[in-house]
Amino acid sequence: MKQPGICLLILLLLSGIVLNGQISDDKTDSLLIALQTAKTPNQKIGILIALSEKFSGVDNLKSYKFAYEAHLLAKNENAPEPLWKSCDVLSKAYFNLDSISQSNRLALEALNIGREMNDREKIALSLQKLGGKMLSLGSYSLAGEYLFEGLDYYEIMQDTANISTIYILLGIIHYKLDNPQKALDYYRKGLDFALATKNQVNISAALNNIAAVYEKLNEYDQALYYFGQALEINQQQNNTSWIANNYLNIGIVNYHREKYNESLSLFHKAISLFNAIQDEDGLAIAWSYLGKTHYRINNADSAYYYAKKSLHLSQENNISEVIVEASEFLSEYFDDNGSRDSATFYTILEYQTRDSLNEKEYLLQISKLEQQYDFQKQQQTLALQQQRKDFIKILFIGGLAAGLLIIVLLYSRLRIRAKHNKLQKYQLQRELEFKNQELTANVVALMKRNETISQLLIRLKTVEDSATKQVEKTAIRKISAELRNTTDGDILTEFELRFKEVHKDFYDKLIKTYPDLWPSELKLCAFLRLNMTTKEISELTGQTAPAIEKARYRLRQKLQIAGSDINLVAFLSAI
C-alpha cells in the first residue's frame with residue numbers, strides 16, 4: 001500500500017518542496033534586481049540564499065547555482081551566521097539534485113558551525129535534518145542518534161513545533177523497523193504537539209501515518225477514521241497531492257473490507273486528482289486497484305481495461321511493483337478465460353519483473369550501505385579537521401607562555417594521536433560491518449532469486465501438463481531447462497566460503513574453545529556474528545522460527561552463557 005504521508009513528510013523536511021509548484025515572478029524579479037544593487041557581501045549572500053529557496057523544488061538547478069554562489073561568498077567572508085545558512089541551503093540544493101554525498105557533507109559542516117557558534121537553534125535544526133537524511137538512507141541507528149540529540153535541544157528551548165516533527169520522524173523509524181506499537185506511540189506524541197501549535201502539515205502527516213499503521217495491522221475501521229481525519233485537513237488546506245493520496249488509501253482500505261462500490265468512487269476521485277498534478281505513480285496504483293475491484297464485482301471487461309492501462313503506464317515509468325501486480329492479475333484473468341498462451345506470457349512477465357525487483361532491491365541496499373559508509377568517513381574527516389583547528393588555537397595561545405608551550409604541545413600531540421588511532425580503529429570496524437552487511441545482502445538476494453525461479457518452474461510445469469500440442473510442450477520444456485541452468489548452487493556452501501574470507505579465524509577460535517559444537521551450530525554462530533535476525537536465518541536455511549529459537553537456546557547452553565544477562569550476538573562478536 002502506498003504511504004504518501006510518510007514519504008511527503010520526509011521530502012518536505014529535507015528539501016523544502018513548494019507544495020503548489022509555483023513561484024511569484026514579481027518577487028523573483030525584485031530579488032534579482034536587489035542582487036544587482038547589493039552593496040555589501042552579506043547583503044548579496046542573503047539575496048542569493050532567498051533566491052535559492054525560492055527556486056527549491058521548482059527549478060533545482062537554478063536553486064543550486066544561487067546556493068553555491070552564496071556559499072563561496074560566505075566562505076570568503078568567514079562570517080559564521082551566513083556561512084551556516086549557506087551550508088544549510090546548499091545541502092538542500094544538493095539533496096534535490098540527488099547528490100546525497102555532497103548534501104551530507106554540507107549538512108555536517110552546518111552542524112559543526114552551529115556547535116562552534118554554540119547556537120542551540122542552529123544545532124537542533126542541523127541535527128533534525130541530518131536525522132531525516134539518515135532515515136531516507138535507511139541508516140536507522142544513526143538517524144535515531146541525531147534525532148534524539150535534536151529532541152534534547154528542542155525540549156530545552158521548548159520548541160513545540162519541531163518537537164512534533166522529531167516525534168513523527170522517530171515514528172517513521174519504528175514503522176520501517178516493523179515496530180507498529182512504538183510507531184503509534186511516537187506518532188501520537190507528534191500529533192499532540194502538532195495540535196498544540198496548530199501545525200496543519202504535521203497534524204495531517206501524523207494522522208495519515210497513524211492510519212497507515214492501523215492498515216498494516218488490518219484494523220480497517222481505525223485506519224478509515226484516521227485517513228478521514230487527514231483528508232478533512234488536507235481539503236481545508238487545498239493540498240491536492242495529499243488529498244489524492246488520501247482518496248487512494250481510503251479506497252484501498254474499503255477494497256480490503258469488500259466495500260467495492262465505495263472503493264470505485266474513491267479510486268475515480270484519486271485518478272482525477274492524480275491526472276491534474278501529473279502523478280504517474282499514483283495513477284498506475286489507482287488503475288491497478290480499479291481493475292482488481294471491477295474483477296471482484298464480475299466486470300471482467302472493465303477489469304481488463306484498467307489492468308492493461310496500469311501495466312502500460314508502469315512499464316513506461318519502470319514502476320516494478322505495479323508491473324508485478326498488474327501482470328499477476330492479467331495472468332489470472334487469462335487463466336480463468338482459458339487463454340493459456342496469454343496467461344503464460346503474463347506469468348513469465350510477472351516472475352521476470354519479480355527477479356528484476358529483487359536485484360534492484362539488492363543494488364539499492366548496497367548503494368545505501370556505500371552512502372552510509374561514505375557519510376561516516378566524512379564525519380571522521382570533519383572530526384580530524386576540527387582537531388587540527390583546536391591544535392592551531394592551542395599553539396597560538398601557547399606562544400604566550402614558552403615554558404608551557406612544550407607541555408601543551410606534547411600533550412596535544414599525544415591526544416591527537418590517540419584520537420586518530422581511535423578513529424582508525426572505528427573506521428576498520430565500520431569496514432568490517434560493511435562487508436558483513438554486503439555478504440548478508442548478497443546471499444539473501446541469491447536465495448530470493450532461486451526461490452523466484454523455482455516458483456516459475458512449478459508454474460511452467462502446470463502449463464506444460466495442460467498443453468495439448470507437442471510443440472507447446474517442447475517449447476515450455478526448453479524454457480524450463482534454461483531457467484534451471486540460471487539457478488545458483490548451494491547457497492549455504494557459498495555463504496560459508498565467503499564468511500571465512502571475511503572472518504578468517506572465527507571458526508578456528510570457536511572450535512578450539514568449544515570443541516563439541518556441531519557443524520549446524522557453527523553455521524548458526526556465523527549467522528548471529530553477522531547480526532542476522534531469526535526471520536532472515538529462517539529464510540536462508542528453510543527452518544522455522546521456533547526451531548531456530550530452540551537452536552539458539554541449545555547454543556547458549558554449550559557456550560555456557562545460559563540464563564545469564566550476556567547477549568548472545570555481543571558474545572559472538574567479541575570472539
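In this text the structure is predicted, and so the values were computed from the model without any measurement. (Residues numbered from 1 in each chain as written. Predicted model: local features only at pLDDT ≥ 70, side-chain atom pairs only at ≥ 80, totals over all residues. Heavy atoms only, no water.)

Looking at this model, I keep getting lost on the overall build of the protein chain. Mind explaining?
What the protein chain contains, in helices and strands, is 26 helices and 0 strands. Considering the protein chain as a whole, with its 575 residues, one finds that 44% of them fall into the buried category. Within the protein chain, contacts between residues at least 6 apart in sequence are counted, and of these 62% link residues at least 24 apart. For the protein chain, the exposed area adds up to about 29,900 Å²; of that, 51% sits on carbon and sulfur atoms. (Helix = DSSP H or I, 4+ residues; strand = E, 2+ residues; numbered from the N terminus. Buried < 20%, exposed > 50% of the residue type's maximum accessible area, 1.4 Å probe, protein only. Contact = heavy atoms within 4.5 Å. Areas by Shrake-Rupley, 256 points an atom, 1.4 Å probe, with all protein chains shown as cover.)

What exactly am I supposed to notice about the packing of helix 15 (residues 280-296) against helix 16 (residues 300-316) here?
Two measures define how a pair of helices packs: the angle their axes make with one another and the distance between the axes. Viewed as axis vectors pointing N to C, helix 15 and helix 16 meet at an angle of 155°, and their least axial separation amounts to 7 Å. Put simply, helix 15 runs roughly antiparallel to helix 16. Regarding helix 15 and helix 16, the two cross each other, and that crossing is left-handed. Where helix 15 approaches helix 16, its residues Glu280, Leu283, Ala284, Trp287, Ser288, Leu290, Gly291, His294 and Tyr295 are matched on the opposing element by Ser302, Ala303, Tyr306, Ala307, Lys309, Ser310, Leu313 and Ser314. Here the contact of helix 15 with helix 16 is built from residues that sort into 9 nonpolar, 6 polar and 2 charged. (Axes fitted to C-alpha atoms, helices over the stretch in contact; angles between N-to-C directions. Parallel < 35°, antiparallel > 145°, perpendicular 65-115°, else oblique. Left-handed = near helix turned anticlockwise from the far one by under 90°. Nonpolar A, V, L, I, M, F, W, Y, C, P; charged D, E, K, R; others polar.)

Looking at this structure, how should I read the environment of Ala303?
Structurally, Ala303 is set in helix 16. Its relative accessible area of 0% is what places Ala303 among the buried residues. Taking C-alpha positions, Ala303 is 9.2 Å from Tyr289, a pair spaced 14 residues apart along the chain. Residue contacts for Ala303: discarding those within four places in its chain leaves Gly291, His294, Tyr295 and Phe329.

Is there a simple way to explain helix 4 (residues 60-77) in this structure?
Since the α-helix advances by 3.6 residues per turn, residues separated by three or four positions end up pointing in the same direction. With 18 residues, helix 4 ought to run about 26 Å at 1.5 Å a step, and its terminal C-alpha atoms sit 26 Å apart, in line with that. Burial in helix 4 covers these residues: Ser63, Phe66, Ala67, Ala70, His71 and Ala74. End-on, the buried residues of helix 4 take up no more than an arc of 140°, which puts them together on one face. For helix 4, the exposed residues set more than 90 degrees away from the buried face come down to Lys65, Lys75 and Asn76. Two residues or fewer past helix 4, Asn78 is found with a positive phi of approximately 55°. (Expected span 1.5 Å × (residues − 1). Arc of directions from axis to C-beta.)

So what exactly am I meant to see when it comes to unusual backbone geometry here?
Negative phi is the rule for most residues except glycine; trans is the rule for most peptide bonds. A positive phi angle, near 65°, is found at Asp98, a position not held by glycine. With respect to the element layout, Asp98 can be found in the loop between helix 5 (80-96) and helix 6 (100-117). Look at Asp98 and you get exposed, because its relative accessible area is 63%. Residues other than glycine seldom take positive phi values, yet Gln560 does so here, at roughly 65°. You can see Gln560 is positioned in the loop between helix 25 (545-558) and helix 26 (568-573). What makes Gln560 exposed here is its relative accessible area of 70%.

Help me out: how do you make sense of the confidence of the model for the protein chain in this one?
Mean pLDDT over the protein chain stands at 83; residues scoring 70 or higher make up 84%. Scored below 50 in pLDDT, residues 1-24 makes 69 contacts in the model with residues more than four places away or belonging to other chains. (pLDDT = per-residue confidence, 0-100.)

Would you explain the pattern of salt bridges in this entry?
Any two side chains of opposite charge can pair if their charged atoms end up close together. Within the structure shown, the criterion is met by 15 salt bridges. Among the ionic pairs, Glu69 bridges to Lys44, the shortest N-O distance being 4.0 Å. One end of the pair, Glu69, is in helix 4; the other, Lys44, is in helix 3 (residues 41-55), with 25 residues separating them in the sequence. Salt-bridge contacts for Arg257 lead to Asp221; the nearest nitrogen and oxygen are separated by 3.6 Å. One end of the pair, Arg257, is in the loop between helix 13 (240-256) and helix 14 (260-277); the other, Asp221, is in helix 12 (residues 220-237), and 36 residues separate them in sequence. (Salt bridge = Lys/Arg side-chain N within 4 Å of Asp/Glu carboxyl O.)

Looking at this model, I keep getting lost on the packing of aromatic side chains. Mind explaining?
Given two aromatic rings, one states the distance between the centres and the angle between the planes to describe the pair. Counted under the stated rule, the structure contains 22 aromatic pairs. When the centroid spacing of 5.9 Å and the interplanar angle of 25° are considered together, the rings of Phe55 and Phe66 count as stacked. Residue Phe55 is found in helix 3, and its partner Phe66 is found in helix 4; the two are separated by 11 residues along the sequence. Residue classification places Phe66 among the buried residues on the basis of a relative accessible area of 15%. Members of the aromatic cluster, joined through ring pairs, are Tyr295, Tyr304, Phe329, Tyr333, Phe334, Phe345 and Tyr346. Positioned above the aromatic ring of Tyr289, the side-chain terminus of Lys292 is 4.5 Å from the ring centre. (Phe/Tyr/Trp six-rings, centres within 6.5 Å; stacked < 30°, edge-to-face > 60°. Lys NZ or Arg CZ within 6 Å of the ring centre and 35° of its normal.)

How do you make sense of the packing of helix 22 (residues 506-513) against helix 23 (residues 519-529) when you look at a structure like this?
The geometry of helix 22 relative to helix 23 is characterised by a closest axis approach of 11 Å and an angle of 130° between their N-to-C directions. Put simply, helix 22 runs oblique to helix 23. Where helix 22 crosses over helix 23, the two elements pack in a sense that is right-handed. Contacts between helix 22 and helix 23 pair Phe506, Tyr507, Leu510 and Ile511 from the former with Leu522, Lys523, Cys525, Ala526 and Arg529 from the latter. Along the lines of polarity and charge, the residues of the contact of helix 22 with helix 23 split into 7 nonpolar, no polar and 2 charged.

I'm lost on the nonpolar core in this one. Help?
Buried together is how nonpolar side chains tend to be arranged in soluble globular proteins. Of all hydrophobic cores here, the largest spans 75 residues; its most connected members are Tyr146, Tyr187 and Leu248. A total of 9 residues in this core trace back to one element, the largest contributor, which is helix 9 (residues 160-176). Counting residues in each nonpolar core, the second largest holds 27 residues, with Phe527, Leu528, Ile537 and Leu572 among its members. (Core = buried A, V, L, I, M, F, W, Y, C linked by side-chain atoms within 4.5 Å.)

Sorry if this is basic, but what is going on with the side chain of His174 here?
Checked against the element boundaries, His174 lands in helix 9. Look past the residues within four positions of His174 in its chain and what remains in contact with it is Asn179, Lys182, Ala183 and Tyr186.

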